[in-house]
Every structure is written in C-alpha cells, then in structure tokens.
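One-letter residues, chain by chain:
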There are 2 protein chains.
Amino acid sequence: MEASLPTPRIPPFEECLPGSRKVLRGELGVPERVIQLSNGEQVAVYDTTGPQGHDPRMGLPRLRAPWIAARIARGDRNFSQMHYARRGMVTEEMRFVALRENVDPEFVRAEIARGRAILPANRNHPELEPMIIGRNFLVKVNANIGNSAVASSIEEEVDKLQWAVRWGADTVMDLSTGRNLRETREWILRNSPVPIGTVPIYEALERVQGRAEDLDLELFLEVLEEQASQGVDYFTIHAGVRLAYVPLTAGRVTGIVSRGGSIMAKWCLAHHRENFLYTGFERICEVMKKYDVSFSLGDGLRPGCTADANDAAQFAELRTLGELTEIAWRHDVQVMIEGPGHVPMHLIRENMDQQLALCHEAPFYTLGPLTTDIAPGYDHITSAIGAAMIGWFGTAMLCYVTPKEHLGLPDRDDVKAGVIAYKIAAHAADLAKNHPGARSRDDALSRARFEFRWQDQFNLSLDPVTARLYHDATLPQEGAKTAHFCSMCGPRFCSMKITEEVRAYAKEHGMSADAALAAGLGEKAAEFREQGARIYR
Amino acid sequence: MEASLPTPRIPPFEECLPGSRKVLRGELGVPERVIQLSNGEQVAVYDTTGPQGHDPRMGLPRLRAPWIAARIARGDRNFSQMHYARRGMVTEEMRFVALRENVDPEFVRAEIARGRAILPANRNHPELEPMIIGRNFLVKVNANIGNSAVASSIEEEVDKLQWAVRWGADTVMDLSTGRNLRETREWILRNSPVPIGTVPIYEALERVQGRAEDLDLELFLEVLEEQASQGVDYFTIHAGVRLAYVPLTAGRVTGIVSRGGSIMAKWCLAHHRENFLYTGFERICEVMKKYDVSFSLGDGLRPGCTADANDAAQFAELRTLGELTEIAWRHDVQVMIEGPGHVPMHLIRENMDQQLALCHEAPFYTLGPLTTDIAPGYDHITSAIGAAMIGWFGTAMLCYVTPKEHLGLPDRDDVKAGVIAYKIAAHAADLAKNHPGARSRDDALSRARFEFRWQDQFNLSLDPVTARLYHDATLPQEGAKTAHFCSMCGPRFCSMKITEEVRAYAKEHGMSADAALAAGLGEKAAEFREQGARIYR
C-alpha cells in the first residue's frame, strides 16, 4: 500500500442513514443496523456498512484474525468452509452468519456441506464480516467496481467500495483492467467488510500485453496464487468456455459479450485446443482450497441481447459448469454459478430450472437479467425486473447493473443507483419467497406511512435522504413533517381519517373483520343484490 | 381558455429524439416515428408525441372532426365505439388503430365488440389520435398529471402533458383537485393527442366544499355531463365501493388509500346507504354513451401496502366491478377495470386470473403494482417490476408511478422518469408475450451495439440524450462515437473482434450453427470427456 489516499470523500454513515445506529450482537460482534422510530419502536435490519471511522490507509480491524490463526496453528491444509462443514464442524464464520440471518448454525453448516450455499471467506481476508450466499438465505447483491485503461483512479475505487456497502452491497467485485491492478486490489481488500471477487484472467492478460494467445495455465496459476494470497474471496473463472462450444456463437446477434469468455474463446481458436482452465481445473482447485477461495464459475457464453437468450451455446456451457462443480466439490471447494445477462421475461424461469438441474443446486449468481435491450441509460431498471423474478425463482445473489451499463464506467452516483435498484429486486424476491421476517420492514414502513410519521417513513426506507428530499420539494416546512396530510391530496381530504371512521364503525357495530365479512357478503349483500336486481332489469 | 399560456418550455421534438422524423401514414394520417440509422436502415416505432409546433392557445388540429360530424349529421344517439363495433361497423377510429398496431381492422372491431379492448374516444375530443387498450394489442402506459390545492399551475400541467406524450405515454389522467379544474382540463384536452381520463368525484367534492356526505347522484351526473361535454375520454368511477365492503377494510394495515374510494366509503358510512354510484349506475351509463366516454371502473378498495394485498375487500369489489361491466356492456358502453396497487410478486398472478374470470375479460388497467414498500423515492422501480409481470400476464394498460409517489407531486423530471420506467415495463411485457414485431427494435439496437454504431444505439433507445450523455461522461471526444471500443473494456480488447474470428472459423470449417452444435456436442465433446475422464480420476 504505497500510494497515499486522501481523506475519504463519501459523507458519513449518520448523514446517509439518519435515525440509525450500528449494534454489534453477541460475542462474535455480528453487525446490525437499528432504526429508532418516533413511536418508541425499533426495527433491526441487516447491515453491510462495515466498521466506520477507520483510516483507509490503516485498513479495517481484523475481526477474523484469531479464528484463522487457530486453524493455521493446528496445521490445517484445506481452509474451505465446505471442508469444515462436511466434517461436521461449525466454524466461527458459520455461527456469525447464523446470527446474521437468524437461523440455526447447524442449518448453515448443512447447507454449506450440501453445496447449496457458500460462505466466501479467504483466510487472508481477516477484515471480512462473514456472509452467506444460498437460496435458503436472504437474496444477496453484488456491486462491480474497478477502473479500466481509459478511466478512474485507486482513490475513486476505494470510495466506490465504501459507497457500495453503505447502500447495501453484500459482495463487491473488482473488475479493474488498467494499471496498478495489485495495488488497487490491496487497498480494496484491506478496506472491505464484504467478500471481494475478481476475474483473474484480466490480470493474466495484462501480463502478456493483451495477447490472449500467449496465455497459459502456469501464468494463470501464478496470478491466482498472488491474488488468493492477497485475500480475494471468490474468483470468476471461465472454465466452461470449451473449444467445441465457440462455433455455437457464430450465428448470434451479439456473439460473445463476456470479456473473460472472449479471451478464452480467442485462446481456444488460436491454438485449436481445449480451454486450459478446463483441462487444468484440478490444479486450480488446489490453489482455491489452500486459501478458501470460492469458485464463481463464469458464464463466458452468456447472451448479450434478448435475441440470443437460452441458446445452445449458453446451455452447453451451463452443463459443463455443472460437471466442474462436481470436481470442485470433490476438493471441498465452494462453488457458485454465474448466469445471464439478457433474457426476456418468459425465458427467465428456464434459466433457473436448468441451472438447478445441471449444477446440482450450487448457488446461482446472475447479472440482471435485462428484460429488454431498448433502454441504455436505464438498464438498472430493465434488469431489476429480471433480477427480482429470478431471485424469486431461486437465484442466491444478483449482480447489479448500473445506469451506465453498455455506455461507460459507473461513477459514485451510478454505484448507488445500481445498488438501490438491486436491493429492491432482492427484497422483492425475499418477500415473494415468504422469507421469514422479510416483511417486517415493509409493514413498519407502511404503518409509519399510514400514521403520517414522515420521519419514520424516511428513515425506514432504503434511501432516507432522497425520500426526505422528494417530500420537501413540495412541502419544505418543518411542520409538514408532522402534518397529517401530504401534497398529493392536500389538507382537506385524506384517506386516513376515513379509515379511522371505518374502524370506529366496525367497532360500534361489534364487528370483527370476519364478522364484517360475513355481514357484508351475507345479509347486506343479499339485500343489495335484490335491490340491484330490481334496478338492473 | 381565458388564461394566457407562455411559450411552451419543453425542448423541441428534434432535440429529445435526434435522428427521428414523424411520418403520417395513409389517408387517415396515422403517426409513426421513423429512426434513421447510419447504415441506411430505418426503424419505425409507435408514436404518441402528437402534432408538433402548434400554439397551445389554439390547441391541436381537429383530426376526427369530419368523422364525428358525419355521425351527428345522420342522427346517431349512441356514439360508443362498442355500439358501432357490435353492429359490424368499422369506424375511422378502428381503421386508424389497425394501421397503428399493424393488425386487421376487422380484428380491432371484433375485440371492441367482445369488450376485450376499448377505444377511448370522446366525440368532443376531436384532437385525439385514436389508440386501443386490450391485451391482444401493445401494452399501453398511462401518466397521471394534475395539480392539487397545495401546488402547481395550469401551465405546468400542459407542459407535463406534452412532456409525458413526448416520452411515450399512451393516455394521460388529469387528477387535479385544486382550483380552476374546468379550465385546467380544457387546456389539457385541447392540447392532447392521447385519451384523457379524469376522476369526476374530485370535482364533485369541490362543489360541496369537501364534505363527502353532501354528495349525491344528481350533482355527480351534472359534473359528469360537463366533463363529458368537454371531451374527457374515460372516467374513473368508484361504483364498486359498496357499503357492505367498507368494514372489510377495518383490519388493514393501511385501510383505504384510494382518494375516490375513501370519498365513497365516507358517504356510505355517513348515510348508512348503498353507494349512489352503484345504485345509479344505469343513469351514469346514459351520459357515457352520449359522448362515448369509457368507464375505468375504479378500485377504491385496492391495497395500499403489500400486507393488504389480495384481501377480502379487494376481491369483493372486483366481483362487483365484473357485475357493473355487464351492465355497461348492455348499454354498449366501453369498460376497463382498475387494479392494484401494492402486491408482492407471488400474489400478482392471482390478480390477473381473478380479474379475467370476474370481469369477463374487460381490459385490466393496473397501478404498478409495487412489489415492496421499503423504497419511497424509488417506487418507479419497485412498481416497474410488478407492472412488467402483470403486463406479461395480460394487463392491457399500466398506470405509471413516479419517483415522487407517496412523497409529493411529480415535477417534469419525475414525469419523464415514470414514463420511461413504464415504457420499459410495457415493452418487456410485449416481448414476453411474443407480440408480433415487438422484438425488432431490440434487435436493431443490439446490432448497433455490437457493430459499435454508437449514435444508432443512442437514437434507437427510449432516451437518446441520456444514453449519449452517459457515454460522453467517460469518452467525450467526438471520435469515440465511431471508435470500436468503449470505456468498459478499453481499446486493447473487445469481444466484437473475437466474434468476427469465431465467424471466420465457423465459415472456414464449413460449419453452420447446427453443424457446429453437432460437432461440438458430438465428437469433440466426447473426445474431451474422455480426456476429462483421464484427468479427473
């Protein structure tokens, strides 16, 4: 960490999330954000924001250091959480996650052992607050950051990392492709409370001056070892782009759109040989388990437009990813599977069904999918639609898409817009799955809305400052924050008063909701149907 | 039209939609927007923008005036398009719509006769460019505008109207509740190329100084007659809020949230009598058919939060709306049915199924639905998810939600954000329904993207200016608009080159896509599976 970072330029926690305080639960210090309401109630929400107020040049506290030290001291060789889980051991990370998700630690262990969930936690990333990715847990969101040869700096990337977790990103991928890759990654890792993913083939490509055909397994393993030793928690590896599948993309509208997929396709064609990531997969597994890096098996042949969705190339690769999953599992290495991309709504379900069947229920991790191609500048929305649906169907983690997708590199505003759109999609999926407890925040906010507790409504929302700003655009006076009306209906008339009258009426007539139903649909309705019959004949 | 309007303040058509020109097709002058691409191709898209360059103080040209004059001259009494359709007559409006939707005029007539589609077109709104709402046509979008007692002016509302249709709104509702209701409406109607809807009970309430209990049928019919004679194309009427259903809302988290629903519930409770809109429904039908105003039967008991979705109150009202539909149809009056609101994803399908069954396939017109309550400030996104899904399931028109929903009145930026989010939802639904021709714009844009025709990609998008702005944020140089790379991957590496190589490879090896598939999954795959078997054991 040679470069000097300026003072972080993102606003402080309290300013972004007013009315909230961070609480560390239990001996493990599991983070939670508690929102204090004006009526005395408290609502606790999942918290990804990480420890606050630390100098980024010093990095975050090393929460996991003692846990890992004990494992090294006793001479462990395979550090994978799956390895421990299969041997019946509940690690500190699993207990941490259990508290965080309000489930039994044994359930966490069993899901990891089965491969249905992963706990990405490199032993060299002690700053990590453990989290879990699996379809029987809360749906997670990944945010991509990273500079390219054309734009952005290390400082900006660390800012984006902190900004992404502030708004709820559960993991962050560093997709940098420019210079200073190692240094950028180091800054990011030392300041990240969430798992960091990378695509190591990008760095490998830099080392051969961008000539894909000069890549080979030895170089790749070297890069892998270096990045793993820095603490990267999961690697996207495009081992499913097999030589035989490449021609399947020839008739596509947009060919191969994955950067990693393109690199490997080019290598395969140049040598007319099988993908070295495929043939060398077991050697890759050796590095993975040494540090407990999880696989994120890349979908290098994902569709780049709705026209190419669900084609032969895509599903051929998915089948191969399923085969590789079994190999990784034989090494006790954790695996998730990357998915598309661009898929119209009626073809989304098939992606989930095929993934579950072909990949043995390893967690699915999808990019969107975007449900139409006609809205560049708004692809956080085109894709939030697909993301919510596939999350409901069983996808465990959603990779965000920002408004800049297809157009440019996301800046800080884009990162926030992308994370919030995806928190919406993930939460909508949790609700649709009837995930235990997911509805409590919605209900608390609805009650606050109904009772005109404006400040509570703001503070319970995903973005309190924006909600308040929008309210104040029409009614800026401080008094309006306690007023029993809003600018939509004006002071004269409001539905809340009516509902109070309805409740009084129901009470006066001694009606419970059920009785009201019976009365309503019984005698009263019959009476009016008779009247109606007279009127309408 | 007494007030003087300033020069319109929205930017001109050409500035918002560069590379496009408006074309009027056929003798009826059906509008179309033709996007000229740099490779010589043209893409024609549905156009709602209306005639350009007219002085709003003079209003738009009266396209339908001669058609209507002929009907009056021959002494017609029922001007409803359904009336004509059922008598086998294909009106000019139906032919217009057929050209606009690229279908047979006889199909349009049959769908209207069956009640499965409506063509809202008041005979006193000659400025209208006819359009159709039904699930066998393109999914439509409504934008709400309107001032309240607290904020905004007539000028702003006319601006918002023009702005909404510029971005693709298919109908506009004037929900004003403040002063100058009649005057605001007049300005809007005379300048609207799209159907205008209102909620007449708002004006009725103003006339009784906000005292709901003072409302009665005679006053309501008076308001109805006045608004109909001005040219309003559809009325939201909350005739399904029956006395017996009101107590069913007592146990809800957010009670009754529809303004119109609240007004009628209050009236019912105050008098302990049946809703006069229900008992007087046939008299209302008389006014509707005289002008051909369509019913938008209001869902006054729609859920105001996800917790209240799909409850007894909501479905009791829906059943009544189905009964009222049959009555309206006996008068040859066109009907659509309003729907929720706030519904988690797993409960959306039931809304559509129930509506189709209970309301005899009359078109469904839903507000969102919002799929979670936790994101005020972003409810255009929470609801675009639900809107896309219910559009796919069969909803004919989607009522937009803006970022200001629940917080304040939408300004012009919010109107645009809402319309674009809903154009995305509607188009995603058209794609999922495999609507004929829907995919051509997506495919044209994908080809432009793949071939680095940046300007074409911008111009084909829903919002060309924003797309270009986002691109230029990273690569502002004019040369970058023709460059074969972008800021995401940088100049060194790009997937397009790879795909060219893949195509060359496939061609060189004499492979069609099918042959490649066979080769890939056949011999090649078998060969590598054997290798794999050696490697992995």
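Quick caveat, the model's predicted, so the values are computed rather than measured. (Residues numbered from 1 in each chain as written. Chains lettered and ligands numbered in written order. Predicted model: local features only at pLDDT ≥ 70, side-chain atom pairs only at ≥ 80, totals over all residues. Heavy atoms only, no water.)

With that out of the way, let us pick up the sheet that holds strand β8 (residues 196-198) of chain A. In spatial order, the strands read β6-β7-β8-β9-β10-β11-β12-β13 (chain A); together these eight strands close into a barrel with parallel pairing. Looking at each pair of strands side by side, their axes are set apart by 25 degrees on average, direction ignored. (Pairing = 2+ DSSP bridges. Helix = DSSP H or I, 4+ residues; strand = E, 2+ residues; numbered from the N terminus. Axes fitted to C-alpha atoms, helices over the stretch in contact; angles between N-to-C directions.)

A few words on the side chain of Arg100(A). Residues and elements named next belong to chain A. Mapping Arg 100 onto the fold places it in helix α4 (residues 92-101). The side chain of Arg 100 sits in the buried core without any salt bridge; Glu 129 is the nearest counter-charge, 4.0 Å away. A polar contact is formed between the side chain of Arg 100 and the backbone oxygen of Asp 47, at a distance of 2.6 Å. Only 2.9 Å separates the side chain of Arg 100 from the backbone oxygen of Pro 130, close enough to count as a polar contact. When residues no more than four places from it in sequence are discounted, the contact partners of Arg 100 are Val 30, Pro 31, Tyr 46, Asp 47, Thr 48, Glu 129, Pro 130 and Met 131. (Buried < 20%, exposed > 50% of the residue type's maximum accessible area, 1.4 Å probe, protein only. Lys, Arg positive; Asp, Glu negative; His and termini not counted. Salt bridge = Lys/Arg side-chain N within 4 Å of Asp/Glu carboxyl O. Polar contact = N/O pair within 3.5 Å; in protein donor to acceptor, adjacent residues only side chain to side chain. Contact = heavy atoms within 4.5 Å.)

Attention now moves to the nonpolar core. Of all hydrophobic cores here, the largest spans 290 residues; its most connected members are Leu215(A), Ile284(A), Phe295(A), Leu215(B), Ile284(B), Phe295(B) and Met345(B). Among residues more than four places away in sequence, those in contact with Ile284(B) are Leu217(B), Phe220(B), Leu221(B), Leu224(B), Ile237(B), Leu277(B) and Phe295(B). (Core = buried A, V, L, I, M, F, W, Y, C linked by side-chain atoms within 4.5 Å.)

Glancing now at the packing of helix α15 (residues 379-393) of chain A against helix α16 (residues 412-432) of chain A. Residues and elements named next belong to chain A. Following both chains from N to C, one finds α15 and α16 inclined at 25 degrees, their axes separated by 8 Å at the closest point. The orientation of α15 with respect to α16, classified from their angle, is roughly parallel. For the crossing formed where α15 meets α16, the hand is right-handed. Every residue of α16 that contacts α15 at His 380, Ser 383, Ala 384, Ala 387, Ala 388, Gly 391 and Trp 392 is listed here: Ala 417, Ala 421, Tyr 422, Ala 425, Ala 428, Ala 429 and Ala 432. Within the contact of α15 with α16, the residues separate by chemical class into 11 nonpolar, three polar and no charged. (Parallel < 35°, antiparallel > 145°, perpendicular 65-115°, else oblique. Left-handed = near helix turned anticlockwise from the far one by under 90°. Nonpolar A, V, L, I, M, F, W, Y, C, P; charged D, E, K, R; others polar.)

All names here are of chain B. Spatial strand order, β1-β2-β3: three strands in an open sheet with antiparallel pairing. Here the strands that pair on one side only, and so sit at the sheet edges, are β1 (20-25) and β3 (42-46). The mean inter-strand angle of the sheet, taken between neighbouring strand axes irrespective of direction, is 35 degrees. Pairing of strand β2 (residues 30-36) with β3, which is carried by five bridges, proceeds in the antiparallel orientation. Bridged to Arg 33 within β3 is Val 45.

So, about the relation of the copies chain B and chain A. Each copy superposes on the other: chain B lies on chain A with an RMSD of 0.0 Å after a rotation of 180 degrees and an axial shift of 0.0 Å. Each copy turns onto its partner about a two-fold axis. Residues of chain B ranked by C-alpha distance from the rotation axis are headed by Ile385(B), positioned 2.3 Å from it. A symmetric contact is evident, with 100% of the interface residues of chain B recurring at the interface of chain A. (Least-squares fit on C-alpha atoms with pLDDT ≥ 70 in both.)

Residues and elements named next belong to chain B. Along its 14 residues, helix α9 (residues 217-230) runs 20 Å from first to last C-alpha, staying within 8% of the 20 Å computed at 1.5 Å per residue. Buried positions along α9 lie against α7 (181-190), β8 (196-198), α8 (200-207), β9 (234-237), α11 (276-279) and α12 (281-291). Of the residues flanking the start of α9, the one acting as N-cap is Asp 216, its side-chain oxygen 3.2 Å from the backbone nitrogen of Glu 218. Once α9 finishes, Gly 231 follows within two positions and takes phi at roughly 120 degrees, a positive value. (Expected span 1.5 Å × (residues − 1).)

What follows covers the environment of Ala309(A). All names here are of chain A. The residue Ala 309 is located in the loop between β10 (294-297) and α13 (312-330) in this model. What makes Ala 309 buried here is its relative accessible area of 10%. Expressed as a C-alpha distance, the spacing of Ala 309 and Arg 252, which sit 57 residues apart in the sequence, is 9.6 Å. Contact partners of Ala 309, with chain neighbours within four places excluded, come to Pro 303, Gln 314, His 342, Val 343, Pro 344 and Leu 347.

Now for the interface of chain B and chain A. At the interface, 132 residues of chain B touch 132 residues of chain A. A combined buried area of about 11400 Å² lies between chain B and chain A, and 69% of that area is made up of carbon and sulfur atoms. Taken together, the links from chain B to chain A amount to zero salt bridges. Our enumeration of links across chain B and chain A arrives at 12 residue pairs in polar contact (both at pLDDT 80 or more). Among the residues making up the side of chain B that touches chain A, the classes are represented as 74 nonpolar, 33 polar and 25 charged. (Buried area = accessible area lost by both parts, 1.4 Å probe.)

Scanning the model with the defined rule gives 80 salt bridges over all chains in all. The partner of Lys404(A) in a salt bridge is Asp411(A), and the shortest N-O contact between them spans 3.6 Å. With a relative accessible area of 33%, Asp411(A) lands in the partly exposed category. A salt bridge links Lys22(B) to Asp47(B); the nearest nitrogen and oxygen atoms lie 2.5 Å apart. Residue Lys22(B) is located in strand β1, and its partner Asp47(B) is located in the loop between β3 and α2 (65-73); the two are separated by 25 residues in the primary sequence. The structure contains a network of salt bridges with shared partners spanning Glu111(A), Arg114(A), Arg116(A), Arg135(A) and Glu361(A).

For the bond from Gly368(A) to Pro369(A), the omega torsion is 10 degrees, close enough to zero to count as cis. Here Pro369(A) is to be found in the loop between β12 (364-367) and α15. Put simply, Pro340(B) and Gly341(B) share a cis peptide bond, and its omega is 5 degrees. In this structure, Glu361(A) takes a positive phi of about 70 degrees despite not being glycine. Looking at the element boundaries, Glu361(A) is found in the loop between α14 (348-358) and β12.

Treat this as a map of the structure, not an account of what it does.
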